[in-house]
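Structural characterization, general
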Amino acid sequence: EIAQVDVRQNEAVKAWIDQIAEKTRIDLVIANAGVLGSHGDERRFEDTEMAQLQIATNLGGSVNVVTSVVPHMQKQKGGQIALVSSLSSLQPIADMPAYAASKAGLNAYGEAISFFLHADGIDVSGICPGFIKSPMAEKYASWRPLEMTADKAAAKIKRAIARKRAFYAFPLALYAVIMLGRLVPWRLRRLTTKGFNYRR
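It should be emphasised that the depicted structure is a prediction, and the values quoted were computed from it without experimental measurement.

Reading the values: the criteria
- Residue positions within a chain follow its written sequence, with the count starting from 1.
- Per-residue local features are limited, in this predicted model, to residues with pLDDT of at least 70; the limit for side-chain atom pairs, both in listing and counting, is 80 or more; totals at the level of whole chains, interfaces and linings are taken over all residues.
- Just so you know, side-chain values use all the structure's heavy atoms and leave hydrogens and water out.
- The criterion is simple. A nonpolar core is a set of buried Ala, Val, Leu, Ile, Met, Phe, Trp, Tyr and Cys residues joined through side-chain atoms within 4.5 Å.
- Exposure classes here rest on a 1.4 Å probe applied to the protein chains alone. A residue is buried below 20% of its type maximum, exposed above 50%, and partly exposed in between.
- Runs of E in the DSSP output that reach at least two residues are strands. Runs of H or I that reach at least four are helices, and both are numbered from the N terminus.
- Contact between two residues is taken to exist if any of their heavy atoms lie within 4.5 Å; hydrogens are not considered.
- Axes here refer to lines fitted to C-alpha atoms; in helices the fit is confined to the stretch in contact. Angles between the N-to-C directions go from 0 to 180 degrees.
- Note: crossing handedness is left-handed where the near helix turns anticlockwise from the far helix by less than a right angle, and right-handed where it turns clockwise.

What follows concerns the nonpolar core. In terms of nonpolar packing, the biggest core is built from 17 residues, with V69, M73, I81, L83 and L117 touching the most fellow members. Going through the elements one at a time, α1 (10–23), β1 (28–31), α2 (48–76), β2 (79–84), α3 (97–117) and β3 (122–129) are the ones with two or more residues in this core. Broken down by element, this core gets its largest block of residues, 5 residues, from α2. Aside from chain neighbours lying at most four places away, what touches L117 is V70, Q74, I81, I122 and V124. Judged by nonpolar contacts, the second largest core, of 14 residues, contains L87, I93, C128 and Y140.

Below, the structure is given as structure tokens:
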């Protein structure tokens, strides 16, 4: 079944999920809402509307899905929730502050609910992909190391979910560089991330 629902509208999301739950058990939910924005030309700072859209969709939309489906999973005593975040949540890029904030918030939300829902037999997987070829990504020209196709990324995510990984970040090489970079003084880290900025 296919439905077009604005994930920012909690009542609409809840009604849709309730309708599905009436027909069948819900074993897996993948919250993969994502929109991307940035600053404008001539150093025009990202405006409130664009920033709030990303937070409301990427974080708020995923929260709406989770809060709507959890009661059904608790009732059936099991299920799995996968939250698709981003490596930018671990190392924000200067040109996408609200996007990074929304995905970092999703990481925190996922970890917290995983602790709470464990007693209900509900598994939570946090997924942090790197650069993936997509129309959304192509809107912004930048250096995208180890970029992969959507099909390859989907296969990796599918395996991680099947194994019920609590946290999965890929590609591993880029994740390792980011984690090592967190140990570097912020002034140096700021310089090393300049290459990721968008070409305008």
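Where α1 contacts α2, the two axes come as close as 9 Å, and the packing angle between them is 35 degrees. The chirality of how α1 crosses α2 is right-handed. Touching N10, V13, K14, I17, D18 and A21 of α1 are N64, V65, T67, S68, V69 and H72, all from α2.

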